[in-house]
Amino acid sequence: MQYQNIVEGKFLDRPNRFIAHVEIRGKVETVHVKNTGRCKELLLPGVKVYLEKSGNPNRKTAYDLVAVEKAGLGLVNIDSQAPNQVVAEWLSRFSFQKLKPEYVFSDSRVDFYMERDESLPEAFWEYGEREERNGKEQRVENIRMQHQEILNVSGNIRKYLLEVKGCTLERDGIGYFPDAPTERGVKHLRELTKAIQEGYIAILAFVIAMPKVSMVYPNVETHKAFGDALEEARQAGVKILYLPCTVTKEGMWISS
């Protein structure tokens, strides 16, 4: 995922969830914050931030704040739309017969629905596959990740539901989610648990939008109900993926 027209600025303050004041080239600008979460550990007065300049002259704000430099850690992408975009790019590398975003399941929308032939490995994230890059076929080496094989099958086609959560909160090298209470997140976990009972392969993917972090724990201090729902989902068979990312000021992608 790539941004266009990135500029550097100095964060000043955040009057509400949607806007912030940033100094850009000596001028104070009101900018849009592409994350309604708290981000209080990141958006500190004086920190270096990166913004994408909009090409729409009719917008009220000319810039979107997309990334923050955190001391001792590095660049953290806080764009709440980025996790789904990088997962969509990552999933496109694999051999799915169907890949549909924003899939309606029960009374929710799940981020991705996929279908895959049974002859292919069920745990697609554990293995590299053939892919086309610049017209030349390459063989991606088997990539082992810390997950178990999936055993669920459904006829000749395996059906997957995948929900994405972006993680930007870090403490002592560990990622935590959420950074604010999320009843929506709890609901999504309940839906994934229900999907297991209906024969789907259900996956929760944490997109780790920062360097030096490879694991995410539930932030039970902020929202114990999410931690409880996550454990219930895990016990029911929902697969939990941790997807570390490479983050630059120009973009972000899943590392491997």
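Residues numbered from 1 in each chain as written. Predicted model: local features only at pLDDT ≥ 70, side-chain atom pairs only at ≥ 80, totals over all residues. Heavy atoms only, no water.

### Some remarks on the confidence of the model for the chain
Line of reasoning, step 1. Of the residues in the chain, 88% reach a pLDDT of 70 or more, and the chain-wide mean stands at 89.
Line of reasoning, step 2. Note that pLDDT drops below 50 for residues 129–155; the model gives that stretch 64 contacts with residues more than four away or on any other chain. (pLDDT = per-residue confidence, 0-100. Contact = heavy atoms within 4.5 Å.)

### Some details on the side chain of Lys-165
Line of reasoning, step 1. Along the chain, Lys-165 turns up in strand S11 (residues 157–167).
Line of reasoning, step 2. A distance of 2.8 Å separates polar atoms of two side chains, one belonging to Lys-165 and the other to His-188.
Line of reasoning, step 3. Look past the residues within four positions of Lys-165 in its chain and what remains in contact with it is Phe-177, Gly-185, His-188, Leu-204, Ala-205, Phe-206 and Val-207. (Helix = DSSP H or I, 4+ residues; strand = E, 2+ residues; numbered from the N terminus. Polar contact = N/O pair within 3.5 Å; in protein donor to acceptor, adjacent residues only side chain to side chain.)

### Things to note about the pattern of salt bridges
Line of reasoning, step 1. In total, this model carries 11 salt bridges according to the counting rule given.
Line of reasoning, step 2. The residue Arg-158 makes a salt bridge to Glu-122 at a minimum N-O spacing of 3.2 Å. Taken as a pair, Arg-158 in strand S11 and Glu-122 in the loop between strand S8 (108–117) and strand S9 (131–133) lie far apart in primary sequence, 36 residues in all. The burial state of Arg-158 is the same as that of Glu-122; both residues are buried.
Line of reasoning, step 3. Linking Arg-171 and Glu-221 is a salt bridge whose minimum nitrogen-to-oxygen distance equals 4.0 Å. Of this pair, Arg-171 sits in strand S12 (residues 169–171) while Glu-221 sits in the loop between strand S15 (216–218) and helix H3 (224–236), and the two are 50 residues apart along the sequence.
Line of reasoning, step 4. Looking at Arg-171, the relative accessible area reads 29%, which means it is partly exposed.
Line of reasoning, step 5. By relative accessible area, Glu-221 is classed as exposed at 70%. (Salt bridge = Lys/Arg side-chain N within 4 Å of Asp/Glu carboxyl O. Buried < 20%, exposed > 50% of the residue type's maximum accessible area, 1.4 Å probe, protein only.)

### Digging into the packing of aromatic side chains
Line of reasoning, step 1. Applying the stated rule across the entire model yields 14 aromatic pairs.
Line of reasoning, step 2. An angle of 75° between the planes, with centres 5.6 Å apart, marks the rings of Phe-124 and Tyr-160 as edge-to-face. Here the residue Phe-124 occupies a position in the loop between S8 and S9, and Tyr-160 occupies one in strand S11, the gap between them amounting to 36 residues. The residues Phe-124 and Tyr-160 share a single accessibility class, namely buried.
Line of reasoning, step 3. Ring pairs connect the aromatic residues Trp-90, Phe-94, Phe-96, Phe-124, Trp-125 and Tyr-160, which therefore count as one cluster.
Line of reasoning, step 4. Cation over ring: Arg-116 sits above Phe-96, and NZ or CZ is 5.6 Å from the ring centre.
Line of reasoning, step 5. The ring of Tyr-176 carries the charged tip of Arg-171 above its face, separated from the ring centre by 5.2 Å. (Phe/Tyr/Trp six-rings, centres within 6.5 Å; stacked < 30°, edge-to-face > 60°. Lys NZ or Arg CZ within 6 Å of the ring centre and 35° of its normal.)

### A closer look at the layout of surface pockets
Line of reasoning, step 1. Of the pockets and cavities examined, the largest pocket occupies roughly 940 Å³.
Line of reasoning, step 2. Lining the largest pocket are 36 residues, and of these Asn-35, Thr-36, Ser-80, Phe-177 and Arg-184 lie nearest its centre.
Line of reasoning, step 3. At the level of secondary structure, the elements contributing two or more residues to the lining of the largest pocket comprise strand S3 (27–33), helix H1 (82–91), S8, S11, strand S13 (174–177) and helix H2 (183–197).
Line of reasoning, step 4. Looking at the lining of the largest pocket element by element, the count peaks at five residues for S11.
Line of reasoning, step 5. For the lining of the largest pocket, the residue count by class is 12 nonpolar, 13 polar and 11 charged. (1 Å grid on protein atoms, 1.4 Å probe; cavity = no way out; pocket = protein on both sides within 12 Å on 5 of 7 lines; lining within 4 Å. Points joined across faces, edges and corners; volume = space filled by probe spheres on them. Nonpolar A, V, L, I, M, F, W, Y, C, P; charged D, E, K, R; others polar.)

### A closer look at the sheet that holds S13
Line of reasoning, step 1. Spatially, the three strands line up as an open sheet ordered S12-S13-S15, and their pairing is mixed. Taken across any chain shown, the strands that pair with only one partner, and hence form the sheet edges, are S12 and S15. Within the sheet, the average angular offset between the axes of one strand and its neighbour, ignoring direction, is 40°.
Line of reasoning, step 2. Where S13 and S15 come together, three bridges link them in parallel fashion. Bridge pairing in S15 places Phe-177 opposite Pro-218. (Pairing = 2+ DSSP bridges. Axes fitted to C-alpha atoms, helices over the stretch in contact; angles between N-to-C directions.)

### Looking at the environment of Arg-171
Line of reasoning, step 1. Along the chain, Arg-171 and Val-213 lie 42 residues apart, while their C-alpha atoms are 9.6 Å from each other.
Line of reasoning, step 2. With residues near it in sequence (within four places) discarded, Arg-171 still touches Glu-41, Tyr-176, Asn-219 and Glu-221.

### Quick word on the pairing of strand S6 (residues 74–77)
Line of reasoning, step 1. Where strand S5 (residues 63–70) lies against S6, four bridges are found, and the strand directions are antiparallel. Looking across to S6, one finds that Lys-70 is bridged to Gly-74.
Line of reasoning, step 2. Counting the residues in the hairpin turn of S5 and S6 gives three residues, including Gly-72, whose phi is positive at 80°.

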